[in-house]
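# Summary of the model geometry
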Amino acid sequence: MNENVVGQVILVVVIVIIVIFVLVVVARSVRIIPQARAGVVERLGRYHKTLMPGLNILVPFIDRLRPLIDLREQVVSFPPQPVITEDNLVVSIDTVVFFQVTDARAATYEIANYLGAVEQLATTTLRNVVGGLNLEEALTSRDEINGQLRIVLDEATGKWGIRVSRVELKAIDPPLSIQDSMEKQMRAERERRAVILTAEGTKQSAILEAEGHRQGEILRAEGDAKAAVLRAQGEAEAITTVFSAIHKGEPDNMLLAYQYLQTLPKLAEGSANKLWVIPSELTEALKGIGQAFGERGAAASKPGTADGAARQGE
């Protein structure tokens, strides 16, 4: 009976060992690769194949699967690197590299550590590119530096199975003394622009004010000219009317002489008239009035006239 028990125990142990062996074989044979991952398989120490996402079968104890490689685009931010510019200034530059593994086999066997290699290559390339620029060019030419870095990194990492899509300079930090000088320069530039804008505004204001004054003077002169024309036209019409009335009334010499005498006092009007010059026509007017009155008196003294008859009746 003891022998039966021992045989059963041995049988159970063998079955357990077989089950464990089968489970281990299955575990080592079946590999499930996630999406956007790739696995490199080595058979007896040599590269055999690259496993793609999904279910894959390996030969246990012969095939060995290396650590999976991420095929997604990766973003790596490298620590600040000191770079000397062409004008011998040390600037600190932060770099961000966007890259993607396109060939898992090359990334495994062509380079020992592709991430470290990309970092070192980016640092050396950055120093070569920025070393040929001065500080102002380095601060204003980020796009050109990014493009040159990407081209150089993409060419160098192509044999490693890596594609560099973008390179960005996250920050360029010059020394503190240079930053203070740049701030002062920018402040002076802003003040200069403010002074220029103020002067231009004052100039435009003066020009507009002068233009408005000129337009006002022109309009005022045009108004005075039109008023003078209208006054002259009115005076001309008045003279024409008076002249026509005089012609229609057929005045005699006595009336004309009397009107002339009435206009003489107007010549002396005004405080500026210190000296009154009597026209020579005054004597002629007085002579005309005298003759008119003499003729009227002679006509009145003649008999047979209405005035003479009246006087004789008196």
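The structure reproduced in this document is the subject of the present report.

Helix and strand counts for the chain stand at nine helices and nine strands. Each of the 314 residues in the chain was classed as buried or not, and the buried ones make up 22%. Considering only contacts in the chain between residues 6 or more positions apart, those separated by 24 or more positions represent 61%.

Orientation of helix 3 (residues 114–131) relative to helix 5 (residues 142–157), taken along the N-to-C sense of each, is 135°, at an axis distance of 10 Å. The angle between helix 3 and helix 5 places the two elements in the oblique class. Helix 3 and helix 5 meet at a crossing whose hand is right-handed. Of the residues in helix 5, those in contact with Val118, Leu121, Ala122, Thr125, Leu126, Val129 and Val130 of helix 3 are Ile145, Gln148, Leu149, Val152, Leu153, Ala156 and Thr157. Considering only residue class, the contact of helix 3 with helix 5 consists of 11 nonpolar, three polar and no charged.

This part is about the environment of leucine 121. Its place among the elements puts leucine 121 in helix 3. In this structure leucine 121 comes out as buried when scored by relative accessible area, which is 18%. Taking the C-alpha atoms as reference, leucine 121 lies 8.9 Å from valine 152; in sequence the two are 31 residues apart.

This part is about the pattern of salt bridges. A full pass over the atoms with the stated rule returns 11 salt bridges. With a closest N to O distance of 2.9 Å, aspartate 70 and arginine 72 form a salt bridge. What makes arginine 72 partly exposed here is its relative accessible area of 44%. Each of Arg37, Asp70 and Arg72 takes part in a single network of salt bridges with overlapping partners.

Spanning 16 residues, helix 5 covers 22 Å between terminal C-alpha atoms, matching the ideal 22 Å at 1.5 Å per step. Listing the buried residues of helix 5 in full gives Ile145, Asn146, Leu149, Leu153 and Thr157. One face of helix 5 carries all of its buried residues, which in axial projection span an arc of 95°. When the buried face of helix 5 is taken as reference, the exposed residues oriented beyond 90 degrees from it are Asp143, Glu144 and Glu155. Tucked inside the fold, the buried residues of helix 5 contact strand 8 (90–101), helix 3, helix 4 (135–140) and strand 9 (162–173).

One can expect most non-glycine residues to show negative phi and most peptide bonds to be in trans. Within the chain, leucine 44 stands out as a residue other than glycine whose phi angle is a positive 55°. With respect to the secondary-structure elements, leucine 44 resides in the loop between strand 2 (37–43) and strand 3 (46–51). Even without a glycine there, the phi angle at phenylalanine 61 is positive, about 65°. Secondary-structure assignment places phenylalanine 61 in the loop between strand 4 (54–57) and strand 5 (63–65).

Attention shifts here to the sheet that holds strand 7 (residues 74–84). Spatially, 7-8-9 is the arrangement adopted by the three strands of the open sheet, whose pairing is antiparallel. Both outer strands of the open sheet, strand 7 and strand 9, are each paired with one neighbouring strand and no more. For this sheet, the mean inter-axis angle between neighbouring strands, taken without regard to orientation, is 25°. Most of the contacts of helix 3 go to strand 7, to which it runs at about 40°, and overall it touches strand 7, strand 8 and strand 9. Along the sheet, helix 5 contacts strand 8 and strand 9; its crossing angle with strand 9, the most-contacted strand, is approximately 145°.

Turning next to the side chain of glutamate 42. Looking at where glutamate 42 falls in the secondary structure, it is placed in strand 2. Only 3.2 Å separates the side chain of glutamate 42 from the side chain of arginine 66, close enough to count as a polar contact. A distance of 2.8 Å separates polar atoms of two side chains, one belonging to glutamate 42 and the other to tyrosine 109. If near-sequence neighbours (up to four positions away) are discounted, glutamate 42 is found in contact with Tyr47, His48, Ile62, Asp63, Arg64, Arg66 and Tyr109.

What follows deals with the nonpolar core. Buried together is how nonpolar side chains tend to be arranged in soluble globular proteins. Among the nonpolar cores identified, the biggest contains 34 residues, and Ile93, Val97, Tyr114, Leu126 and Ile145 are the most heavily contacted of them. Elements with a contribution of two residues or more to this core: strand 2, strand 7, strand 8, helix 2 (104–109), helix 3, helix 4, helix 5 and strand 9. Among the elements that take part in this core, helix 3 stands out by supplying eight residues, more than any other. Ignoring anything within four residues of it in the chain, the contact list for tyrosine 114 reads Ile69, Gln74, Phe99, Val101, Ala107 and Ile162.

Cut-offs used in this document
Residues numbered from 1 in each chain as written. Predicted model: local features only at pLDDT ≥ 70, side-chain atom pairs only at ≥ 80, totals over all residues. Heavy atoms only, no water. Helix = DSSP H or I, 4+ residues; strand = E, 2+ residues; numbered from the N terminus. Buried < 20%, exposed > 50% of the residue type's maximum accessible area, 1.4 Å probe, protein only. Contact = heavy atoms within 4.5 Å. Axes fitted to C-alpha atoms, helices over the stretch in contact; angles between N-to-C directions. Parallel < 35°, antiparallel > 145°, perpendicular 65-115°, else oblique. Left-handed = near helix turned anticlockwise from the far one by under 90°. Nonpolar A, V, L, I, M, F, W, Y, C, P; charged D, E, K, R; others polar. Salt bridge = Lys/Arg side-chain N within 4 Å of Asp/Glu carboxyl O. Expected span 1.5 Å × (residues − 1). Arc of directions from axis to C-beta. Pairing = 2+ DSSP bridges. Polar contact = N/O pair within 3.5 Å; in protein donor to acceptor, adjacent residues only side chain to side chain. Core = buried A, V, L, I, M, F, W, Y, C linked by side-chain atoms within 4.5 Å.

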